[in-house]
Amino acid sequence: MQPAIRFDRIGLDLGGVAIYDDISFAVEKGEFVCLLGPSGCGKSTALRLMGDLLPLQRGTIEISGLPPERSWDQIAFIFQQPRLLPWRDALSNAAFGLELRHPSMPKNEREDRARRQMERVGLGRDLHKMPVMLSGGEKQRVSIARALALDPDIILMDEPFSALDPNTRVRLRDQILELWTGSGKTVVFVTHDMDEALYLADRIVVFSNKPGRIQAVLGVDHPRPREVLVDRALLARRNELIALFDELGEAKI
Ligand SMILES: Nc1ncnc2c1ncn2[C@@H]1O[C@H](COP(=O)(O)OP(=O)(O)OP(=O)(O)O)[C@@H](O)[C@H]1O
Ligand SMILES: [Mg+2]
């Protein structure tokens, strides 16, 4: 089967600095893959390349067999900051991705689709709140609803929970797993946090320091829900990751 995402021998320089040397990896359809690595190693850049937000320099990227410039409509982004429009209510923000991508879709259809996703993320009663009235976690859930309303095959998430308090972060991790399970959607989730990666991922792609290489790819075929700091098999995986980061000379990522 064709992978959802294929990076083949990607090399990239930005501002005269080598970001990647020669990066190859693939994400299978329906997989939940975390990209983990030190700050500045090029995790966000990898998502930008997938989403055609940055031109390719060397190598090949295929999204379901197509180049990124022909496949951006299969993809939705969720960023670290929710990026809501402050003058629009929550529902209108959740419909905004559809408005940009499908301007000819009737407004009531866009809002119906957005409303369904707002209900799925538990905000069905907050549709008409303005962003200023929402908590950080609620704002991020609106941005998740905005992405899901596009019904993308592939969801790219760039440290989506790192700006939230620890309890909210834990709840949203579970929520995103619940939304993903059985959906058939492919998720690429960037994180600094190895425990988050171990909790979420089917596989973890570990990037090295710049110029980035793939340091390792770890499969985590452990049933969910997971208890990362309790389960012995996961603790063993965690120790492998710690050893990898020691190799990279990173005391802490
Ligand atoms: N437009 C640009 N011009 C020059 N350098 C850039 C540009 N965009 C990114 N970089 C550099 O590329 C490197 C990779 O950036 P990227 O944002 O992908 O890192 P990251 O792994 O996501 O880091 P973090 O974990 O801190 O978010 C960084 O060193 C960054 O300074
Ligand atoms: Mg980043």
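The structure we're discussing is the one just above.
Below is a short write-up of the structure. Since we're looking at a predicted model, the values are computed, not measured.

1. A look at the pairing of strand 5 (residues 75–78)
Line of reasoning, step 1. Side chains I75 and F77 project from strand 5 onto one buried face, and the interleaved A76 and I78 project onto a second face that is buried too.
Line of reasoning, step 2. Here strand 5 pairs with strand 6 (residues 154–158) via four bridges, running parallel. Looking at the pairing, I78 lines up with M157 of strand 6.

2. Examining the sheet that holds strand 6
Line of reasoning, step 1. With mixed pairing, six strands are arranged side by side in an open sheet as 5-6-7-3-8-9. Looking at strand neighbours, the two that pair on one side only are strand 5 and strand 9 (214–219), the edges of this open sheet. This sheet shows a mean twist of 15° between the axes of neighbouring strands, independent of strand direction.

3. Some remarks on the sheet that holds strand 4 (residues 58–63)
Line of reasoning, step 1. The strand order across the open sheet formed by three strands is 2-1-4, and the pairing between neighbours is antiparallel. Of all the strands in the sheet, the pair left with one neighbour each is strand 2 (17–27) and strand 4. Sheet twist, expressed as the mean angle between neighbouring strand axes with direction ignored, is 20°.
Line of reasoning, step 2. Of the strand pairs in this sheet, strand 1 (residues 5–14) and strand 2 are connected by seven bridges, and their pairing is antiparallel. Across the sheet, residue F7 finds its bridge partner in strand 2, namely F25.

Rules used throughout
Residues numbered from 1 in each chain as written. Chains lettered and ligands numbered in written order. Predicted model: local features only at pLDDT ≥ 70, side-chain atom pairs only at ≥ 80, totals over all residues. Buried ≥ 20, exposed ≤ 12 C-beta atoms within 10 Å, placed from the backbone. Helix = DSSP H or I, 4+ residues; strand = E, 2+ residues; numbered from the N terminus. Pairing = 2+ DSSP bridges. Axes fitted to C-alpha atoms, helices over the stretch in contact; angles between N-to-C directions.

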